[in-house]
Amino acid sequence: MKTKYYALFRQCSAVFTDLAMIMDNPLVNLKHRRILLGITGGIAAYKAAELTRRFQDHGADVRVIMTRSATEFITPLTMQALSKHPVHLDLLNPDTESVMGHIELARWADLILIAPASANFLARFASGHGDDLLTTVCLAAECPVAIAPAMNQAMWAKTVTQTNRNTLLARGAHILGPDEGLQACGEIGAGRLMAVDDLILRSSELFSTGTLQGKTVVITAGPTREAIDPVRFISNHSSGKQGYALAEAASNAGAEVILVSGPTHLDVPERVHRIDVISAIDMHDAVQNVIDRADIFIGVAAVADYRPKLAANQKIKKDQNGHQSLLLEFVENPDIIKAVATRPNRPFTVGFAAETQRLETYARQKLVDKQLDMVVANNVGDTSIGFNADVNAITIVTNHTSQVLPLMSKRALSERLIELIAAQISHQG
Ligand SMILES: Cc1cc2nc3c(=O)[nH]c(=O)nc-3n(C[C@H](O)[C@H](O)[C@H](O)COP(=O)(O)O)c2cc1C
């Protein structure tokens, strides 16, 4: 028993150390991010090599698209060797298109960064051209697109270049730089490629929506297992997918996320700190260990309400009592979410209600009984959604509101829910 609690304590301490490191280092946002680096034909193209290395130093995966002009300034071979992936050059090439086509490239990327971006690229992208691989991928992209212009100061100052820049900015592109200073042509002014350090930092900041910046979110997920004997347990069908998707969405919104997880087969989302637990009591203790730090608590786990009163020390043998039936006595587990909601200075507390009928009625009852700020009800009676599925439909109930989010992926649903929670918190001031 002592060993078990020591292990839990060690997991919690490790989480606090990791969180402190994250707060000191925003560049951890880059870890495992997929960055598509577009290089155009400018004198600063050589800096794309350093940029690639620096992204990789922070754990990002970089793939490169080069315009034909860019290949006159730095070789595709250099970029291939550094990025460790073939460089993408052509739009209308059946061989390369069959390996990773322009739409797949656009889907692959978490961020497209064009650095350096020529005046010519700004003009083509601003006017909606899709006449080469880079502009076509940018048009097909749904991820953020960041553009780091670099050119002679007179080119940058031209009205037409400024108009193109403003058009792209208005359409949602992120314009990084340019810096001012001495240029390769010997002139002084605005037009230098933004410094590599700043490009790395600004790119990392784009991965956060920022709505939960500075907040700590504790989320429980997955099932719990209640031991009958050393080899048997009672559990439920929860896959953990909804809780993990919420952890990822909260992390993408800029929060520090601690995920207290029952046994699942899921990978821990990037930048999320997972504490592994087995039983409801373990989960309760882990939550109590970290809850003081939380601004928001979201209880998604399907926690067993009851556990066998006594877990046998040895495997229960089939005929050991001489009976053909086995009676187990159950006792109630601690109510994890109520324990959080009734704390003084409690965090904003969200509960999930898995119901098979009368969703809103039961959700509102749970909101009142457990003194929660929000209850999210999902219909687990419909086997195509809820437990184990990749999609879900939910009803969200607060004191004064009720809102239905229709069927969508658990990922999309999580993003919507996190934005709603962030909005509620900002209303509360
Ligand atoms: C030596 C040299 C350096 C150049 N440097 C730049 C530059 O820094 N920025 C720029 O916008 N254009 C620069 N140009 C012009 C571009 O290479 C040219 O507009 C080209 O068509 C850009 O093609 P792309 O946008 O498809 O890469 C330079 C041209 C030469 C010959």
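Residues numbered from 1 in each chain as written. Predicted model: local features only at pLDDT ≥ 70, side-chain atom pairs only at ≥ 80, totals over all residues. Heavy atoms only, no water.

## Description of the overall build of the protein chain
Worth spelling out the cut-off: Helix and strand labels come from DSSP, where a helix needs a run of H or I of at least four residues and a strand needs a run of E of at least two; each type is numbered from the N terminus. Working definition: with a 1.4 Å probe on protein chains only, accessible area under 20% of the residue-type maximum means buried, over 50% means exposed, and in between means partly exposed. Throughout, a residue-residue contact means that at least one pair of heavy atoms, one from each residue, lies within 4.5 Å. Counted as positive: Lys and Arg. Counted as negative: Asp and Glu. His and the chain ends are not counted at all. For the purpose of locating charges, the reference atoms are NZ of Lys, CZ of Arg, CG of Asp and CD of Glu.
Of regular secondary structure, the protein chain possesses 15 helices and 19 strands. With respect to the three principal axes, the spread of C-alpha positions in the protein chain is 90 × 50 × 40 Å. In the protein chain, which comprises 429 residues, the proportion classed as buried is 48%. For the protein chain, long-range pairs separated by at least 24 residues make up 69% of all intrachain contacts whose partners lie at least 6 apart in sequence. Put simply, the protein chain has 41 plus and 44 minus side-chain charges, and the middle of one group is 4 Å from the middle of the other.

## Topic: a nonpolar patch on the surface
Heads up, the condition is: For patch detection, residues must exceed 30% relative accessible area and be free of salt bridges, and they are connected within 9 Å for like charges or within 5 Å for nonpolar side chains (Val, Leu, Ile, Met, Phe, Trp, Tyr). Every accessible area reported is derived by Shrake-Rupley at a probe size of 1.4 Å, with residue values counting cover from the shown protein chains alone. The term salt bridge refers to a pairing of a side-chain nitrogen on Lys or Arg with a carboxyl oxygen on Asp or Glu at a separation within 4 Å.
Together, Y306, L326, L328 and F330 give the surface a local cluster of nonpolar side chains, amounting to about 370 Å² of exposed area. Within the secondary structure layout, L326 lies in the loop between β14 (306-308) and β15 (330-332).

## Observations regarding the sheet that holds strand β13 (residues 296-299)
Note the following rule: Think of it this way: DSSP has to see at least two bridges between two strands before they count as a pair. Axes, fitted as lines to C-alpha atoms, cover a helix only where it is in contact. Angles between the N-to-C directions of the axes lie from 0 to 180 degrees.
Across the sheet, which stays open at both edges, the eight strands sit in the order β12-β11-β8-β13-β16-β17-β18-β19 with mixed pairing between neighbours. Strand pairing shows two members of the sheet lacking a second neighbour, β12 (272-276) and β19 (402-409), which therefore form its edges. On average, each strand axis in the sheet is inclined to that of its neighbour by 20°, with strand direction left out of account. Strand direction decides the pairing type here: β13 and strand β16 (residues 348-355), joined by four bridges, are parallel. Within β16, the residue paired with I298 across the bridge is V350. Along the sheet, helix α11 (residues 241-252) contacts β8 (216-221), β11 (256-261), β12, β13, β16 and β18 (391-397); its crossing angle with β11, the most-contacted strand, is approximately 170°. Taken strand by strand, helix α14 (residues 359-369) contacts β16, β17 (374-379), β18 and β19, and its axis lies near 150° from that of β17.

## So, the pattern of salt bridges
According to the stated counting rule, one finds 13 salt bridges in the structure shown. R54 is the partner of D197 in a salt bridge, and the nearest nitrogen-oxygen pair spans 2.8 Å. Of the two residues, D197 sits in helix α10 (residues 196-205) while R54 sits in helix α2 (residues 47-57), which places them 143 residues apart along the sequence. Across the pair D132 and R124 runs a salt bridge, and its minimum N-O distance is 2.9 Å. Judged by relative accessible area, D132 falls into the buried class, the value being 16%. Residue R124 is classed as buried on the basis of its relative accessible area, which comes to 13%.

## Regarding α11
Basically, it comes down to this: Multiplying 1.5 Å by the helix residue count minus one yields the expected span of that helix.
Compared with the 16 Å implied by 1.5 Å per residue over 12 residues, the 16 Å span of α11 between its first and last C-alpha is a close match. Of all the 12 residues making up α11, 10 are buried; the element is thus mostly covered by neighbouring parts of the structure. All of the buried residues along α11 are Q242, G243, Y244, A245, L246, A247, A249, A250, S251 and N252. Positive backbone phi, at 100°, marks G254, one or two positions downstream of α11.

## Regarding the environment of I394
Secondary-structure assignment places I394 in strand β18. Sequence separation between I394 and F55 is 339 residues, and the spatial gap between their C-alpha atoms is 38 Å. The residues contacting I394, other than those within four sequence positions of it, are V376, A377, N378, Q403, V404, L405, L413 and L417.

## Considerations on helix α3 (residues 76-83)
Let me state the cut-off plainly: Of all possible arcs, the one meant is that of the directions from the helix axis to the C-beta atoms.
For α3, the complete set of buried residues consists of M79, L82 and S83. Summarising the axial view, the buried residues of α3 lie within an arc of 85°, below the 170-degree limit, and thus occupy one face. Facing away from the buried surface of α3 by more than 90 degrees, the exposed residues are L77 and A81. Taken together, the buried residues of α3 touch β1 (34-39), α2 and β2 (61-66).

## Regarding the site of the ligand
So the rule is basically this: What makes a residue near a molecule or strand is one non-hydrogen atom of that residue sitting within 4 Å of it. Throughout this description, a polar contact denotes any pair of N or O atoms lying within 3.5 Å of each other; where both atoms belong to protein, one of them has to be capable of donating a hydrogen while the other can accept it, and for residues adjacent in sequence the pair is counted only when both atoms sit in side chains. Three classes are used, and their members are as follows: Ala, Val, Leu, Ile, Met, Phe, Trp, Tyr, Cys and Pro are nonpolar, Asp, Glu, Lys and Arg are charged, and the others, Gly among them, are polar.
Taken together, 15 residues lie around the ligand, and G41, T67, S118, A119 and A150 are the ones closest in. Between N120 and the ligand, the recorded distance is 3.0 Å, taken from a side-chain N or O atom to an oxygen atom. R124 is positioned with one of its side-chain polar atoms (N or O) 2.9 Å from an oxygen atom of the ligand. Across the complex, the protein chains shield 63% of the 640 Å² of accessible surface that the ligand would expose by itself. In terms of residue count, the dominant contributor to the shell around the ligand is helix α6 (residues 119-126) (four residues). Here the residues of the shell around the ligand are counted per class, giving seven nonpolar, seven polar and one charged.

Geometry only, nothing functional implied.
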